[in-house]
There are 2 protein chains.
Amino acid sequence: MAHSPRRRRPTQVDIARHAGVSQATVSLVISGGAASDQIPEPTRLAVLAAARQLGYSANVAARSLKGGRNRLLGLYTFEPVFPTDQRDFYYPFLLGVEEETAAQGYDLLLFSSVTSAGDRSIYAGGANRLKIADGCVLLGRSVRRAELAALIREDFPFVFIGRREVDDGELSYVAADYVTATADLVAALVRLGHRRILHLRAPGDSEPTRDRESGYRRGIAEAGLPADHVLIETLTDPADLSADHLRAWADRHGATALLVEPTEDTRLVEALEDAARSGGLRFPDDLSLALLGDPPSWTPELRDWTRYSLPRARMAREAVGLLIELLDDPASAPRQLSVPCAFVAGDTIGPPVTPPVPGERS
Amino acid sequence: MAHSPRRRRPTQVDIARHAGVSQATVSLVISGGAASDQIPEPTRLAVLAAARQLGYSANVAARSLKGGRNRLLGLYTFEPVFPTDQRDFYYPFLLGVEEETAAQGYDLLLFSSVTSAGDRSIYAGGANRLKIADGCVLLGRSVRRAELAALIREDFPFVFIGRREVDDGELSYVAADYVTATADLVAALVRLGHRRILHLRAPGDSEPTRDRESGYRRGIAEAGLPADHVLIETLTDPADLSADHLRAWADRHGATALLVEPTEDTRLVEALEDAARSGGLRFPDDLSLALLGDPPSWTPELRDWTRYSLPRARMAREAVGLLIELLDDPASAPRQLSVPCAFVAGDTIGPPVTPPVPGERS
DNA sequence: GCGTTCAGCTAATACGTATTAGAGAGGGGG
DNA sequence: CCCCCTCTCTAATACGTATTAGCTGAACGC
């Protein structure tokens, strides 16, 4: 079968010609929700019939150029989400965003393309790609602050999943309350009798890491423990989580419990599983250990880690809801939402086994 | 902080005024890769300086309005993919589509919104929603043929993942070769000594189901078995897969092996697991059983089913590649790709245990 | 018969960019 | 002095839609 050269997409002008009306009328019928009432039924039907017959669909570019809406929400991630071992971490967010977007009657645009320069940037080719969407949900740890600031300057509506700060102004976000959740975890350990609790934090100073540290410090302070009980180490490489290494760290600080900030990939928890299995380190028999967040995988874990759990799907849905509120009221100021983390009791903490260092406050 | 009323973004006109040139010159400098050489250095630099100073970024909508393309590929699924237990089945497709789309420098638009009418239709509001994208990958079992036909009539570029047929013309698809894979599975069973092999097929007559049945029939025929050895039952409800029911079916047909077409949700395989566990039915000790496709979950299975496996990620990537070829050469005819399934040996088939029915051809 | 009102439509325009034809200046060759 | 060429830049236009001001004809009141 000979294949016809691709026809030009029908425009409102084509429909107008076909239905014997003007382009303006077509526009009113097709998209003018309010003004559409003023068009009498016969005309409306004629236009719609012509539209259907010609296979019309609006040109997004033209529509958004004009300032109209596309009923498109974007999802932009600062890290590649899909084909890595990080996907298990990000997938629940994606799920939530997708679900709520659909529920609100929007379609979802995944900004995934890497530019020719190999640069995964919002501003590619001097243009803000996100602008095709009405608004955007942002996600990811390795934020490029400059781009965030530029988005704010441009007044582009977006919501970050996770607390983010920029010098140049406020932004909207939906964040998990790491501070309270971490402080609560410290309190739980103190109640069990722990006094020296080591916090293994991630390198860098992204907000999630900072918030966990704040929560840890607050927990220590609220337990009435002295300042020299603030024990923090930075975990640069998950490979350092060998059983021997963990024991050495605990001994050095006299710690009986560990609070570990998990990574978004699978390596950290795998290292822990390995320390327990082949390293002979038992939780909580030798050491209490709690995770400051979810193990990355959403598949059943080998261990039931004591931890708190981010309500990822809920955060995502809230973010979409917030974004749509921003869209509906463009004059509104940036807003911040905080959602609590869920405590998961697990089975990796218990009473301290190493006796407290002599001379320590009870 | 008071929030400024949304500022107007600087445009090329603003830059032009600022730099004392025309808008056309600005356009040439900013985006005219080739023509940019013809602009003398001082002018170029002046324009770029002005652009930087004003914080210019190009308006995508305007750009793509002019050019026609949005560098957007769509993904439309005929069933809701995300929030159901079908997601494990569809997720690998999504993964592959996303990956290849990104690799090709496109962004991915997920058509997920349900229209106001509650109708999950391509044609909503008298318009073809898909047209927002340059082209579209389609996916799903419960195809609405009429819509497919309409897409073909409109010359909208799309590729289906899975073999589909429409009366009105040809369409492009990337399909798994169910026929060969199923025939091969029959041959494997025959080699083990099976003669009476029961095929449990899904209800309905979608292409995947038809292809599996064709493969089954071909396998029986190629093994030189007579026509009365073609044993087919339709499995309406996965709950019918109880151990008792399976035994009854096998007895009625004198079958020693079962070929089961899996569903896209988790119920079927769960029923099988259950038949084995609480129903005391052992594979392959009591009965050989192979799946005509993947168990739905991509998480580790309890049983290692003998089966063939669709190369879902690869099919998805091929579909995207094919779609982009269609876009690059609009005059090209629809194309069909077939990819082989991978045989997974598993541990649920073995020699027949019930002795062959007397009088049967060896 | 004249003004008024109203429904039902259209003409015109703006949105920001890319592209093309060509204007204007300057110079060199005949 | 004229022709032609090059170099640098600009005016004009198209892209498809949304929106607004306003046109037309009919109905109505007085």
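Here is what the cut-offs are and how they apply
- Residues numbered from 1 in each chain as written.
- Chains lettered and ligands numbered in written order.
- Predicted model: local features only at pLDDT ≥ 70, side-chain atom pairs only at ≥ 80, totals over all residues.
- Heavy atoms only, no water.
- Helix = DSSP H or I, 4+ residues; strand = E, 2+ residues; numbered from the N terminus.
- Buried < 20%, exposed > 50% of the residue type's maximum accessible area, 1.4 Å probe, protein only.
- Contact = heavy atoms within 4.5 Å.
- Areas by Shrake-Rupley, 256 points an atom, 1.4 Å probe, with all protein chains shown as cover.
- Near = heavy atom within 4 Å.
- Polar contact = N/O pair within 3.5 Å; in protein donor to acceptor, adjacent residues only side chain to side chain.
- Nonpolar A, V, L, I, M, F, W, Y, C, P; charged D, E, K, R; others polar.
- Phe/Tyr/Trp six-rings, centres within 6.5 Å; stacked < 30°, edge-to-face > 60°.
- Axes fitted to C-alpha atoms, helices over the stretch in contact; angles between N-to-C directions.
- Parallel < 35°, antiparallel > 145°, perpendicular 65-115°, else oblique.
- Domains from an automatic or database assignment.
- Buried area = accessible area lost by both parts, 1.4 Å probe.
- Salt bridge = Lys/Arg side-chain N within 4 Å of Asp/Glu carboxyl O.
- Pairing = 2+ DSSP bridges.
- Right-handed = clockwise from strand over helix to strand, strands pointing away.
- Expected span 1.5 Å × (residues − 1).

### A short note on the overall build of chain A
- The secondary structure content of chain A amounts to eleven helices and 14 strands.
- The proportion of buried residues among the 362 residues of chain A is 56%.
- The contacts in chain A between residues at least 6 apart in sequence include a share of 70% that link residues at least 24 apart.
- Surface summary for chain A: the accessible area is close to 15,200 Å², and the carbon and sulfur share equals 52%.

### Observations concerning the protein's contact with DNA strand D
- Of all residues adjacent to DNA strand D, which total 22 residues, the nearest are Q12(A), Y56(A), R63(A), T25(B) and P40(B).
- A share of 67% of the atoms of DNA strand D within 4 Å of the protein falls on sugar and phosphate groups.
- Interatomic distance of 3.2 Å between a side-chain N/O atom of Q23(A) and a base nitrogen of DNA strand D.
- T25(B) is positioned with one of its side-chain polar atoms (N or O) 2.5 Å from a phosphate oxygen of DNA strand D.
- Ranked by residue count, the leading element in the surface near DNA strand D is helix α2 (residues 23-31) of chain A, at four residues.
- Among the residues forming the surface near DNA strand D, the class breakdown is eight nonpolar, ten polar and four charged.

### Quick notes on the packing of aromatic side chains
Residue and element names in this part refer to chain A.
- Overall, the coordinates contain nine aromatic pairs over all chains when judged by the stated rule.
- Their ring planes at 15 degrees and their centres at 6.0 Å tell us that F78 and F160 sit as a pair that is stacked. With F78 in the loop between β1 (72-77) and α5 (87-103) and F160 in strand β6 (residues 158-161), the pair connects residues that are 82 residues apart, well separated along the chain. Both residues of the pair, F78 and F160, belong to the buried class.

### Examining the packing of helix α2 (residues 23-31) of chain B against helix α3 (residues 41-54) of chain B
Residue and element names in this part refer to chain B.
- It is the contact of α2 with α3, at a shortest axis distance of 10 Å, that shows an interaxial angle of 90 degrees. The orientation of α2 relative to α3 falls into the category roughly perpendicular. Note on element contacts: α3 touches α2 through T43, R44, V47, L48 and A51, opposite T25, V26, V29 and I30.
- Partitioning the contact of α2 with α3 into residue classes produces six nonpolar, two polar and one charged.

### With respect to the protein's contact with DNA strand C
- Taken together, 22 residues are adjacent to DNA strand C, and T25(A), P40(A), Q12(B), Y56(B) and R63(B) come closest.
- When the atoms of DNA strand C within 4 Å of the protein are sorted by group, sugar and phosphate make up 64%.
- S27(B) has a polar side-chain atom sitting 2.9 Å from a phosphate oxygen of DNA strand C.
- Contributions of two or more residues to the surface near DNA strand C are made by α2 of chain A together with α2 and α4 (60-67) of chain B.

### Some details on the side chain of Q12(A)
Residue and element names in this part refer to chain A.
- Mapped onto the elements of the fold, Q12 is located in helix α1 (residues 12-19).
- At a separation of 3.4 Å, a polar atom in the side chain of Q12 contacts the side chain of Y56.
- Once you skip the residues sitting within four places of it in the chain, Q12 turns out to touch Q23, V26, S27 and Y56.

### Some thoughts on the environment of G346(B)
All names here are of chain B.
- Its location among the elements puts G346 in the segment after β14 (342-344).
- A sequence separation of 186 residues divides G346 from F160, and the C-alpha atoms of the two residues are 30 Å apart.
- Excluding anything up to four places from it in sequence, G346 contacts D304, W305 and T306.

### Some remarks on the domain arrangement of chain A
Residues and elements named next belong to chain A.
- For chain A, the assigned domains read domain 1 (12-58), domain 2 (72-176 + 312-341) and domain 3 (178-309).
- Of the residues lining the interface, 15 residues belong to domain 2; the matching set on domain 3 comes to 20 residues.
- For the domain 2 and domain 3 pair, buried surface summed over both sides reaches about 1,700 Å², with 44% attributable to carbon and sulfur atoms.
- The shortest N-O distance in the salt bridge between D211 and R163 comes to 2.6 Å.
- Linking domain 2 to domain 3 there are ten residue pairs in polar contact (both at pLDDT 80 or more).
- Here the side of domain 2 that touches domain 3 gets four residues from one element, more than from any other, and that element is α5.

### So, the pairing of strand β9 (residues 231-234) of chain A
Residue and element names in this part refer to chain A.
- Burial along β9 is one-sided: L231 and E233 are buried, and none of I232 and T234, which face the opposite way, are.
- Bridging between strand β8 (residues 197-201) and β9 involves four bridges; their strand directions are parallel. Opposite L198, over in β9, you have L231 as the bridge partner.
- Each parallel crossover has a hand, and for β8 linked through helix α8 (residues 207-222) to β9 it is right-handed.

### Quick look at helix α8 (residues 207-222) of chain B
Residue and element names in this part refer to chain B.
- The first and last C-alpha atoms of α8 sit 22 Å apart over 16 residues, in line with the 22 Å expected at 1.5 Å per residue.
- Structurally, α8 contributes buried residues whose contacts are with α6 (145-154), α7 (178-191), β8 (197-201), β9 (231-234), β10 (257-260) and β12 (306-309).
- Where α8 ends, the next residue or the one after it, G224, has phi of about 75 degrees, a positive value.

### Comments concerning the sheet that holds β10(B)
Residue and element names in this part refer to chain B.
- The strand order across the open sheet built from six strands is β9-β8-β10-β11-β12-β14, with neighbouring strands paired in mixed fashion. Of all the strands in the sheet, the pair left with one neighbour each is β9 and β14. If you compare each strand with its neighbour and ignore which way they point, the axes differ by 20 degrees on average.
- Taken together, the four bridges between β8 and β10 define a ladder with parallel strand orientation.

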